[in-house]
Amino acid sequence: MHKQITSLQNTFIKELVQLKEKSRLRKKTTTFLIEGLREISLAIRGNYQINTILIASSVINNEEIENLLSNVNSAIEIIEISKEIYKKLAIRDSTEGVLAIAKSKNLSLSTIQLKSKNPLILIAEAPEKPGNIGALLRTADAAGVDAVFIANPRTDIYNPNIIRSSVGCVFTTTIATGTTSEIISFLKENNIHIYAAALTASVAYQTINYTKASAIVVGTEATGLSNEWLQNSTQNILIPMRGAIDSMNVSVSAAIIIFEAVRQRNL
């Protein structure tokens with residue numbers, strides 16, 4: 001018999017609402033919420049520690065519950081919650097009826113161990129919008145890059161909207177965060193070429209050879225990359241624009257360049 005909680009006034013549920021909404025609390029407790037079967041499954045696949053699973057049995061069917069629980073440690077706490085509580089904790093309009101409380105990972109550069117001697121890394125400087133960060137992580141997962149580095153992060157990686165927009169790729173991608181200076185030092189220490197997407201002193205992205213250890217660096221549409229990247233890049237690159245504007249959404253730009261690198265590596 002699982003523990004049951006039906007009241008929105010329950011202290012534990014109130015704490016979970018805060019966990020969903022407050023980055024500071026997620027950092028303090030080193031825990032965060034995951035919503036959805038696919039996302040929880042990908043977190044398990046990514047070796048995230050799941051502490052608790054919350055199930056709204058009136059929303060999710062028994063077969064889906066059984067399939068999920070068959071893949072988790074039997075010692076994990078299972079709590080049945082009401083549909084009202086689930087709606088309070090969930091952020092998606094479509095309901096799946098299951099959430100999990102997981103332990104966050106240490107995302108510092110010191111934890112990174114690149115398995116490839118010839119890595120392909122995607123770097124984003126100061127991205128802020130969860131949707132863009134999620135899209136970058138989806139691109140990284142689809143392309144099979146070795147790692148994603150977030151320089152000067154402005155948004156908590158375990159923000160529920162990043163988890164949602166990445167469709168769980170936040171759990172299947174090797175991620176590290178650090179300052180721009182720290183990441184540049186890491187790249188140079190590991191002899192990784194730096195290709196910075198910028199408008200100045202640039203060549204067309206498809207003219208570069210990405211078959212050696214490479215880092216593709218993108219900035220925000222509003223401000224672009226900081227001078228530190230431009231001064232330390234192996235080569236600045238750009239995507240030639242054929243219309244009236246001079247830039248595209250950061251996740252679209254990153255996808256174009258990353259998949260060119262993948263294409264070259266597959267030849």
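Residues numbered from 1 in each chain as written. Predicted model: local features only at pLDDT ≥ 70, side-chain atom pairs only at ≥ 80, totals over all residues. Heavy atoms only, no water.

1. Quick word on the environment of Asn118
How we decide: Helical segments are the DSSP runs of H or I of at least four residues, strand segments are the runs of E of at least two, and each set is numbered from the N terminus. The classification of residues rests on relative accessible area computed with a 1.4 Å probe and restricted to protein chains. Under 20% of the type maximum is buried, over 50% is exposed, and intermediate values are partly exposed. For this analysis, residues touch if any pair of their heavy atoms sits within 4.5 Å. Residues adjacent in sequence count toward polar contacts only when both atoms are side-chain atoms; beyond that, a polar contact is any pair of N or O atoms within 3.5 Å, and within protein one must be able to donate a hydrogen and the other to accept it.
Structurally, Asn118 is set in the loop between strand E5 (98–103) and strand E6 (120–125). Its relative accessible area of 31% is what places Asn118 among the partly exposed residues. For the pair Asn118 and Ser214, spaced 96 residues apart in sequence, the C-alpha separation works out to 7.6 Å. Those residues in contact with Asn118 that sit more than four places away from it in its chain are Asp146, Thr211, Lys212, Ala213 and Arg265. Within the structure, Asn118 has its side chain in polar contact with the backbone nitrogen of Ala213 (distance 2.6 Å).

2. Let's talk about the sheet that holds strand E2 (residues 31–35)
For sheets, the rule is that strands pair by backbone hydrogen bonds, running either parallel or antiparallel. What counts, and what does not: Strands pair, by our definition, only if DSSP identifies at least two bridges between them. Where helices are involved, their axes are fitted lines through C-alpha atoms of the stretch in contact, as for all axes, and angles between N-to-C directions lie from 0 to 180°.
The five strands are arranged E1-E4-E3-E5-E2 in an open sheet whose pairing can be described as mixed. Since the sheet does not close on itself, it has two edges, and those belong to strand E1 (3–5) and E2, each with one partner. Adjacent strand axes in the sheet meet at a mean angle of 25°, parallel and antiparallel pairs treated alike. Bridge count between E1 and strand E4 (residues 77–81): three bridges; the pairing is parallel. Within the sheet, the bridge partner assigned to Lys3 lies in E4 and is Ile79. Contacts from helix H1 (residues 11–21) reach E1, E2, strand E3 (50–55), E4 and E5, with the element oriented near 90° to E2.

3. Here's the deal with the nonpolar core
As a rule of thumb, soluble globular proteins bury nonpolar side chains together. Formally: We define a nonpolar core as any set of buried Ala, Val, Leu, Ile, Met, Phe, Trp, Tyr and Cys residues linked to one another through side-chain atoms lying within 4.5 Å.
In this structure, Ile34, Ile53, Phe171 and Tyr210 are the most contacted members of the largest nonpolar core, which totals 54 residues. Sequence-distant contacts of Tyr210, that is, excluding residues within four places in its chain, are made with Tyr195, Tyr205, Ile216, Ile237, Ile257, Glu260, Ala261, Gln264 and Arg265. Among the nonpolar cores identified, the runner-up in size contains 20 residues, and Ile123, Phe149, Phe186 and Ile192 belong to it.

4. Observations concerning the environment of Ala90
Looking at where Ala90 falls in the secondary structure, it is placed in the loop between helix H5 (83–89) and E5. Expressed as a C-alpha distance, the spacing of Ala90 and Ile216, which sit 126 residues apart in the sequence, is 34 Å. Excluding anything up to four places from it in sequence, Ala90 contacts Lys20, Glu35 and Leu99.

5. Brief notes about the pattern of salt bridges
Operational definition: For this analysis, a salt bridge means a side-chain nitrogen from Lys or Arg found within 4 Å of a carboxyl oxygen belonging to Asp or Glu.
Within this structure, the stated rule accounts for six salt bridges. Glu39 is the partner of Arg92 in a salt bridge, and the nearest nitrogen-oxygen pair spans 3.0 Å. Of this pair, Arg92 sits in the loop between H5 and E5 while Glu39 sits in helix H3 (residues 37–45), placing them 53 residues apart in sequence. Like Arg92, the residue Glu39 is buried in the burial classification.

6. Focus: the side chain of Ser82
Tracing the backbone shows Ser82 in the loop between E4 and H5. By relative accessible area, which is 12% here, Ser82 ends up buried. Setting aside residues up to four positions removed in sequence, Ser82 forms contacts with Ile5, Thr6 and Ala56.

7. Some details on the pairing of strand E11 (residues 214–218)
Within E11, five of the five residues are buried, which leaves the element mostly enclosed by the surrounding structure. Here E11 shows two buried faces, one formed by Ser214, Ile216 and Val218 and the other by Ala215 and Val217. Pairing analysis gives five bridges linking E6 to E11, with the strands arranged parallel. Residue Ala124 lies in a different strand from E11, and its bridge partner there is Val218. Relative to E11, strand E9 (residues 193–197) runs parallel, the two being bridged by four bridges.

8. Thoughts on helix H6 (residues 130–143)
The line we're drawing: The length a helix should cover is 1.5 Å for every residue beyond the first.
For H6, which comprises 14 residues, the first-to-last C-alpha distance of 20 Å matches the rise-based estimate of 20 Å (1.5 Å per residue) to within 8%. Among the residues of H6, those classed as buried are Asn132, Ile133, Gly134, Leu136, Leu137, Thr139, Ala140 and Ala143. Looking at the buried residues of H6, the elements they touch are E6, strand E7 (147–151), helix H7 (160–165), helix H8 (169–172), strand E8 (175–178) and helix H11 (250–266). Just beyond H6, the residue with positive phi is Gly144, at close to 70°.

9. Some remarks on the packing of H6 against H11
Selection rule: What sets the label is the angle itself: under 35 degrees gives roughly parallel, over 145 gives roughly antiparallel, 65 to 115 gives roughly perpendicular, and the rest give oblique. In a left-handed crossing the near helix is turned counterclockwise from the far helix by less than a right angle, and in a right-handed crossing that turn is clockwise. Residues are grouped as follows: Ala, Val, Leu, Ile, Met, Phe, Trp, Tyr, Cys and Pro are nonpolar; Asp, Glu, Lys and Arg are charged; all remaining types, including Gly, are polar.
It is the contact of H6 with H11, at a shortest axis distance of 9 Å, that shows an interaxial angle of 10°. In terms of orientation, H6 and H11 fall into the roughly parallel class. Our pair here, H6 against H11, has a crossing hand that is right-handed. For the pair formed by H6 and H11, the contact residues are Asn132, Ala135, Leu136, Thr139, Ala142 and Ala143 on the first element and Val250, Ser251, Ala254, Ala255, Ile258, Phe259 and Val262 on the second. Per-class residue counts for the contact of H6 with H11 are ten nonpolar, three polar and no charged.

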